[in-house]
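Chains, contacts and geometry: an overview
Take a look at the letters that make up each chain.
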Amino acid sequence: MKSIIITGATSGIGYECAIQMAKIAPHEQIILTCRNLDSGHHTIRRIKQMTGHNHLVCMPLDLTSLQSIRDFKTAFANLESKGISALINNAGIQNIGKTQYTKDGYEITFGVNHVAPLYLTLLLLPFLEKNGSIVFTASGVHDPKQKTPISIPIFQNAKSLAYPTENGDTDKINGERRYSTSKLCNILTVYKLHEMLLETNIRINAFDPGMVPGTGLARTYPSFMQFLWKNIFPILVLLKPNVNTAKNSGKRLANLAFSEKYRSARGKYFEGEKVISSSDDSYNKSYQEELWNSSLELLNMKQEDIPMLLQNAGT
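I will try to describe carefully the structure that is included in this document. (Residues numbered from 1 in each chain as written. Predicted model: local features only at pLDDT ≥ 70, side-chain atom pairs only at ≥ 80, totals over all residues. Heavy atoms only, no water.)

Before going further, it helps to spend a moment on the layout of surface pockets. Of the volumes computed, that of the second largest pocket is approximately 330 Å³. Every residue lining the second largest pocket is counted, 14 residues in all, and those nearest its centre are Ser160, Leu161, Pro164, Asn167 and Arg178. Contributions of two or more residues to the lining of the second largest pocket are made by α5 (158–162) and α6 (171–196). Ranked by the residues each element gives to the lining of the second largest pocket, the list is headed by α6, at four residues. Tallied by class, residues from the lining of the second largest pocket come to five nonpolar, six polar and three charged. (1 Å grid on protein atoms, 1.4 Å probe; cavity = no way out; pocket = protein on both sides within 12 Å on 5 of 7 lines; lining within 4 Å. Points joined across faces, edges and corners; volume = space filled by probe spheres on them. Helix = DSSP H or I, 4+ residues; strand = E, 2+ residues; numbered from the N terminus. Nonpolar A, V, L, I, M, F, W, Y, C, P; charged D, E, K, R; others polar.)

With that settled, consider the sheet that holds strand β7 (residues 269–271). Spatial strand order, β3-β2-β1-β4-β5-β6-β7-β8: eight strands in an open sheet with mixed pairing. Of all strands in the sheet, those with a lone pairing partner are β3 (56–60) and β8 (274–275), marking the two edges. Across the sheet, helix α3 (residues 66–77) is in contact with β1 (3–6), β2 (29–34), β3 and β4 (84–89); its angle to β3 comes to roughly 140 degrees. The strands that helix α4 (residues 108–124) touches are β1, β4 and β5 (128–137); relative to β4, the one it contacts most, it runs at about 170 degrees. (Pairing = 2+ DSSP bridges. Contact = heavy atoms within 4.5 Å. Axes fitted to C-alpha atoms, helices over the stretch in contact; angles between N-to-C directions.)

This brings us to the pairing of β2. Most of β2 sits inside the fold, with six of its six residues counted as buried. Burial along β2 is two-sided: the face carrying Gln29, Ile31 and Thr33 and the face carrying Ile30, Leu32 and Cys34 are both buried. Across four bridges, the pairing between β1 and β2 is parallel. When the sheet's bridge partners are listed, Ser3 is paired in β2 with Gln29. (Buried < 20%, exposed > 50% of the residue type's maximum accessible area, 1.4 Å probe, protein only.)

Once that is clear, we can look at the packing of aromatic side chains. A complete count under the given rule lists five aromatic pairs for this structure. Seen from their ring centres, Tyr262 and Phe270 are 5.5 Å apart, and the 85 degrees between their planes marks the pair as edge-to-face. Neither residue differs from the other here; Tyr262 and Phe270 are each classed as buried. Between Arg263 and the ring centre of Phe258, over which it is positioned, the NZ or CZ distance is 5.5 Å. (Phe/Tyr/Trp six-rings, centres within 6.5 Å; stacked < 30°, edge-to-face > 60°. Lys NZ or Arg CZ within 6 Å of the ring centre and 35° of its normal.)

Looking now at the packing of α6 against helix α9 (residues 285–298). Interaxial distance between α6 and α9 falls to 9 Å at its minimum, and their mutual angle equals 90 degrees. In terms of axis orientation, α6 runs roughly perpendicular to α9. Of the residues in α9, those touching α6 at Cys185, Leu188, Thr189, Tyr191, Lys192, Leu193, Glu195 and Met196 are Lys285, Tyr287, Gln288, Glu289, Leu291 and Trp292. Grouping the amino acids of the contact of α6 with α9 by side-chain chemistry returns eight nonpolar, two polar and four charged. (Parallel < 35°, antiparallel > 145°, perpendicular 65-115°, else oblique.)

Looking now at unusual backbone geometry. Even without glycine at this site, Asn131 takes up a positive phi of about 65 degrees. Locating Asn131 in the fold gives a position in strand β5. Although it is not a glycine, Asn300 sits at a positive phi angle of roughly 55 degrees. Inspection of the secondary structure puts Asn300 in the loop between α9 and α10 (306–311). Asn300 gets classed as exposed once you look at its relative accessible area, which sits at 72%.

Next up, the structure:
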């Protein structure tokens, strides 16, 4: 039995993605990663009741800890079935309060949204099956041309993003910019990994779920903004394009990762169900290379380690 791994699947888009995946992949083992096992087991019981899927499991994973990611990889490698048909890097956070850090000392938005899914992906590459799929949940806020209310990204390199210095901006502006920049990094990573995986049958894509009000993404916003996010902004689903319910976006994410319809899509950026161009910066080869090299340094990995990870990928 092959496995589908979904991060951030106990709520929001990830939860709805898991429900849809249980419907369209009845013969796959679906692994929900979670920091809280009680929450994970509760989620699995709910999905089983709704779908009848009998091969749902949760495994501990804390994306603020590189050791936890390594432990997850070890635990997965010890499973009876080690093949991965889809890896969905969906989990993400947005922090607009005081700067916080991961257990490894990285600014938390960058650490959870970029460093962790990249590291998880690299460690799991040897287990990806032929015709396997990798998806990173990105966001339209990475593109200044979309004119979202979020501060636009500023990219330098992984080290400056992991260890930010004081710049005089407010916590809100810094938090928004760190989020949008982390989403740009997701897309830069997808394009870089796509090039590296060209000799395999593994496909990798980026997914913009759109604005999804009501999810936990706004948990660090002021109380009034949280109220609007949960109770008022959902009305925009009826009024504006690319504003979606979690159910709708989660379904699209699952389909992109597993449905036969998308088996030929490789190295693309999806806004919902359609392929669109990402930002100008996301196609910048020097940015892709700089992010790749500086990220490997953060992870204490060497370029010569990567061919070993790719050797068995997609076989």
